Amino acid sequence: MKASDFIAEFLMKKGIKSVFELSGGMITHILDSLNQKTDINIITMHHEQGAAFAAEGYARITGLPGIALATSGPGATNLLTGIGSCYFDSTPAIFITGQVNRHELKGDREIRQLGFQETDIVTMARPITKACFHINDPNDLPNVFEKAFKISLEGRPGPVLIDIPMDVQRIQIENNSFIDDSVKPLEINADILEKLIEDIKKAKRPLILSGRGIKASTSQDLFEDFVRKTKIPVITTLLGLDTITYDNAQRVGFIGSYGNRWANIAFGECDLLIVLGSRLDIRQTGADTKFIENRKIYHIDCERGEVNNRVKGCEAIITDLSIFFQEFDKAVSNISFVLKEEWNNQINNLKITWPDSKELDAKGINPNVFMHLLSNKSRKAKAYLADVGSHQMWAAQSLELYHDQQFLTSGGMGAMGFSLPAGIGASIALNKEPVVVLVGDGCMQINIQELQTIVRNKLPVKIIVLNNRTLGMIRQFQDSYFESRYQSTYWGYDAPDFAKVAIAYGIESKTIEKPEEIEDAIDWFWNVENEDKPQLLQVMIDPHTNTYPKIAFGRPITEMEPFAKPIAMEAT
């Protein structure tokens, strides 16, 4: 069979229903085969970065590898940010790049380039992928695709890149793939489980920290059972926000640099911490990790290198979360845990003392109040997708996520421009169910062209642009460290009227500026006539609205601005 036909049929057999791409000469054979040989939905984006983020959104919803295709040269290099985003946030994906014909490859010649748009994308992508393959022998294709699919999903999920010369794509090959599907389980020592069980019983102030690894390991149901059985309160990372529903009595809140103040205080005061699927990075713990190391910590992760990295003294349980939950369940089959009522009451009192909606002295629309109203009235939304910046933190602090609602954002890469194309991928993965995209004015201008993709595919993506006419998180950083010199954030920066831009693309839009306009604007999204259509709501925010609370850099996580002041310079 023709090599490109094999690729198309392989993806279909693996259950892939949609792929994302921007056409170019070096992938035309594959696109034609997808069109002719399968019923896979080919979603044409307007930038390869958009295709990569859309594939990431698709993968996070389905659990299958997201598929993005790009031509050689600039097409392939434009995928790199999205590839890195998948790598850092443990998202399975397969990126397929076309390459120039084999006879046009420069090989060992001491020249920059032989074929037009020839680019060594494999070398560039290798540090941010689980594996990279360049196909020189067409008969390697079947095995490489089997390996790529397996590698992207096993252990910590992540991206794989396959680079295929154009002449390879049109050659006749035999489908003779073979791959060893056996996976060696990461066994758990029974003694450490017994130790953990005893420490849970003895603890007076235990906490679970839930991260992205729960969703990445498809362990959500097992996690919920674990939480119910242990009766331990749960704090979440940014990427673990949707691991526990807002109305769950055991939910504490979001922790980290911009975490809920009450959740950070609880984090600081717990005497037992069980870390599930989180790498305890600086955004979660702050720079000063000494405060966290003075308690018992169990860190469950599938990669040894992630444990006792920044935070020392952890009891390491190196295994997949799904295995951990199953083994723990067996070990406690005849054990009942007791709710720590005094600790629960203490946490609830902290929530009452430090409400998120009172952290800001905002002029006009308070973003935290807006997030509560939005989510309260948006139960029909299947997912929220936040971009990167101040609005991302307001969302994490105050969104109310309920059953069957997911939260997607770019964590490790922190890539501006993520949410709009990722929203496309998410909505398509959800069979065109409605999703809400939360994006700032700066982020919106990075992949704004994908508004046309939304219109063309008739996707019910509800876009909320929180427009403060500045790059707010960096502007706040300039207040702290540069005496409010706003170069390139407020000075020398501008944004259009996004409501007018949306209308130009054929999307209905509104703009609100006052708190009393919020409820009617959100209702406009969900009335019967509009719920299946794309819409854009521009929410004007005062340019000097800060993101609080915020860890005072250099201090423990419990000491947060504006009441505490940083003692060292941070990264934003």
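As recorded in an unreviewed UniProt entry, the chain goes by the name Acetolactate synthase, listed as coming from Flavobacterium araucananum. UniProt, in the comment section headed Sequence similarities (unreviewed entry), describes the chain in these words: "Belongs to the TPP enzyme family."

Asks: Could you clarify how one ought to interpret the UniProt feature "domain: Thiamine pyrophosphate enzyme central" (unreviewed entry) in the chain in this entry?
Replies: Per the UniProt entry, the sites bearing "domain: Thiamine pyrophosphate enzyme central" (unreviewed entry) are residues 193-326 in this numbering. Strand forms 20% of residues 193-326 and helix 33%; the C-alpha atoms that close the span are 12 Å apart.

Asks: Explanation requested: the side chain of Thr230 in the structure shown.
Replies: Tracing the chain through its elements places Thr230 in helix α11 (residues 220-230). When its relative accessible area of 2% is taken as the criterion, Thr230 is described as buried. Reaching out from Thr230, the side chain makes a polar contact with the backbone oxygen of Val227 at a distance of 3.5 Å. For Thr230, the residues in contact, after removing those within four places along its chain, are Ile200, Ile208, Phe328 and Phe337.

Asks: Before we go on, may I ask you to explain the domain arrangement of the chain in this structure?
Replies: When the parts of a complex come together, some accessible area is lost, and that lost area is often taken as the interface size. Split into domains, the chain comes out as domain 1 (3-170), domain 2 (190-353) and domain 3 (360-555). Counting from both sides, the interface comprises 7 residues of domain 1 and, opposite them, 8 residues of domain 2. Counting the surface domain 1 buries against domain 2, the share from its top three residues, Arg60, Asp89 and Arg156, is 64%. At the boundary of domain 1 with domain 2, the tally comes to 2 salt bridges. The tally of links from domain 1 across to domain 2 stands at 5 residue pairs in polar contact (both at pLDDT 80 or more).

About the thresholds
Within each chain, residue numbers correspond to sequence positions counted from 1 in written order. For this predicted model, a pLDDT threshold of at least 70 governs which residues receive local features, and a threshold of 80 or more governs which side-chain atom pairs are given and counted, while totals over whole chains, interfaces and linings are taken from all residues. Side-chain calculation: all heavy atoms of the structure are included, whereas hydrogens and water are not. UniProt positions are given in the numbering used here, feature names are shortened, and annotations may be inferred rather than shown by experiment. A run of DSSP states H or I qualifies as a helix once it reaches four residues; a run of E qualifies as a strand once it reaches two. Both are numbered from the N-terminal end. When accessible area is computed with a 1.4 Å probe and restricted to protein chains, residues below 20% of their type maximum are described as buried, those above 50% as exposed, and intermediate ones as partly exposed. Distance and chemistry together define a polar contact, namely a pair of N or O atoms within 3.5 Å, with one atom able to donate a hydrogen and the other to accept it when in protein, and with adjacent residues in sequence counting only for side-chain atoms on both sides. The contact criterion used is simple: two residues touch if any of their non-hydrogen atoms lie within 4.5 Å. Here the bounds of each domain stem from an automatic or database domain assignment. Throughout, the accessible surface (probe 1.4 Å) given up by two parts as they are put together, summed over both, is called the buried area. Between Lys or Arg on one side and Asp or Glu on the other, a salt bridge is scored when a side-chain nitrogen of the former is within 4 Å of a carboxyl oxygen of the latter.

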